[in-house]
Amino acid sequence: MTVSLRDKRSSELYARALTYLPGGVNSPVRAMRAIGRDPLFVDRGAGGELFDVDGNGYVDWVCSWGPLICGHAHPQVVAAVTDAAARGTSFGAPTAGEVDLAEEVSRRVPGVQMLRMTSSGTEASMSAIRLARAATGRTKLLKFAGAYHGHVDGLLAEGGSGLATQGIPASPGVPAEVAASTIVVPWNDADALAAATEQHEFAALLAEPYPANMGLVPPAEGFLELLRKRADETGALLIFDEVISGFRVARGGGQELSGVTPDLTVMGKVIGGGLPAAAYGGPRTLMERIAPAGDVYQAGTLSGNPLAVAAGRATLALLQGERPYLELGLTTRALADGLARAARSAGYEDVQIVSTTGLLTVFFSATPVHDYAAAQACDLAAHASWCRGLLARGVYAPASQFEAWFPSLAHTPEQIERTVAAAAAAFAELAR
Ligand SMILES: *Cc1c(COP(=O)(O)O)cnc(C)c1O
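Just so it is clear, the structure is predicted and the values come from calculations on it, not from any experiment. Counting starts from 1 at the beginning of each chain's written sequence and moves along it residue by residue. This being a predicted model, a pLDDT of at least 70 is required before a residue's local features are given, and a value of 80 or more before pairs of side-chain atoms are given or counted; all residues contribute to the totals for chains, interfaces and linings. Side-chain descriptors were evaluated using all non-hydrogen atoms of the structure, hydrogens and water having been removed beforehand.

Quick notes on the layout of surface pockets
Part 1: Cavity: a set of points on a 1 Å grid over the protein atoms alone where a 1.4 Å probe fits but cannot get out. Pocket: an open set with protein on both sides within 12 Å along at least five of seven lines, its lining residues, like those of a cavity, having an atom within 4 Å of a point. Grid points are joined across faces, edges and corners, and a volume is the space filled by probe spheres set on the points. When its volume is computed, the second largest pocket comes out at roughly 630 Å³.
Part 2: For the second largest pocket, the lining is made up of 28 residues, of which E98, L115, R116, M117 and S303 are closest to its centre.
Part 3: Contributions of two or more residues to the lining of the second largest pocket are made by α3 (96-108) and β4 (114-118).
Part 4: Under the scheme used here, helices are H or I runs from DSSP no shorter than 4 residues and strands are E runs no shorter than 2 residues, and both carry numbers assigned from the N terminus. Considering each element in turn, the lining of the second largest pocket owes the most residues, 4 residues, to β4.

Following this line, the structure appears as C-alpha cells:
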C-alpha cells in the first residue's frame, strides 16, 4: 500500500515559519527532525484525534506530550477555561481556584502538603533546586543520564561514559562551572549511585521516578527505595520530578505507585490540563522556606493563572477515584498488546514494548532497555522510518525514540485498532 498525505498548507506554513521561528517551531521536538520529515501544522484536536491544516486526521498518541490525559478539547475542561476567561484572564492576586487546586493535589500526592505554582515544569524544577540548596546549604546535584528536568542550565548536563561523572554542558551557552555542579549517574545503577553519594555531598538527588524522557525506562526493583535510603544517609534531599508521571501512572503519581515518598515533588503537564501550569511541593516545614513565608525568593507574574488553574482543576475532577486509572491502565495494556501483535504479525522481532499506566515506548532493540546507554543503542533509523510509516497511515506517535506515547482516557478501542493496523503495515515495510 502506498500512502501519501496532503501537505500543501503544511509546507507553505513551514516555509513561512522557518523565516520567523528558529527551525520553524517553538520547541525542538515538534520539528520532527529525528524522524527526517517536516512538522505537522495542527488545525484542531478532538478526544484522541488530531487534524492538521491539510485536513489529514491522526490518532494522537502524543497528546501535547502529556498534559492531555483526558484528550483534546474535553467539554468539561473547555467549559471551565471559557468560564474562567470570561471573568478575567489574569489578576496578579490570589483566587479561590488556586487554593482548591493546591488542596486537591495535597490530598492526592503523598509527599505534598504545600505547593507553589509556576508556569512551566522547567521553572518548577529550577525553583525546587533553589529550595533544596537553601535547605541543605549545599550546591551539588545528582541527576540520572537520560532524565530530563526542563532546560535548566545546571541540568542540561551530560555525563561521560564512566560510573558517575561530572556534568559537561549539553548545550553551548551553559557555563562549564554550572554544569560541573551536576553529577550524572546511569539510571538503575546501584553501584554508581553508591559511589557518587560517597564521593560528593549533594543538595539533592533528582529523579523521574518513572523516567519517560529516554523512552519509558521504569525503575529496577528496589531502586527508588535505594535512592530514598542514600538521600537519608547522606543528608541530601530526594526530589521526584513527576512532571510526566504525576496524576498519570497513578492518582498520586509515581510516589504513590512505588510507595517511596520524596522530600520535594516537581509537577507539570497534567496539573495544567493543557494550559501552562506547573508546581513544586513538599512538607510544610520545607515549603515555608519559600517567600513570603520564608527567605527563599521565587515569584511569577502568571503563576497560578486562573485559566490554567481552571483547566487543571477540571482535569483532576475527571480523574477522581481509582476508576479512571483502571481505565487508562486497560487502554495502555490494549495498545501495548496490539503493538506487540503487530510486530509479530510482520515478523519484526527486534522491538521492546515497555508500558505502565498512561505511558508506553516501543524501543527498536533486540534486548531490554534499562538505562540511557541502551536507549541510545536502539536502531534509531528503523524507529524513524516506522514513525514516518505510522504518520502516513494516520497515526501520530512521538517522533523520537527518546519520548513516550501518552495514552489518554479519550482513546477508543477503534482508535487502538486503527493504530495496530497501521503499526503492522509499518512493521511489514521495515521487515521487507
Ligand atoms: C516536560 C518535562 C519537564 C519540563 O516541563 P516544561 O513545562 O516543558 O518546562 C520537566 N521534567 C519532566 C520529567 C518533563 O517531562
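Looking at empty space enclosed by the protein
Part 1: The tally for this structure, following the rule as stated, stands at 1 cavity of 30 Å³ or more.
Part 2: By volume, the largest cavity is sized at about 30 Å³.
Part 3: T361, V362, H383, P398, S400, Q401, E403 and W405 together form the lining of the largest cavity.
Part 4: Here the nonpolar group is Ala, Val, Leu, Ile, Met, Phe, Trp, Tyr, Cys and Pro; Asp, Glu, Lys and Arg are the charged ones; every other residue, Gly included, is treated as polar. Looking at the lining of the largest cavity, its residues break down into 3 nonpolar, 4 polar and 1 charged.

Section: the sheet that holds strand β16 (residues 395-396)
Part 1: DSSP bridges decide pairing: two strands pair if at least two such bridges lie between them. The mixed open sheet is built from 4 strands, whose spatial order is β1-β2-β3-β16. Either end of the sheet is taken by a strand with one partner, and the two such strands are β1 (42-46) and β16.
Part 2: Here strand β3 (residues 57-60) pairs with β16 via 2 bridges, running parallel. What sits directly across from V59, in β16, is V395.

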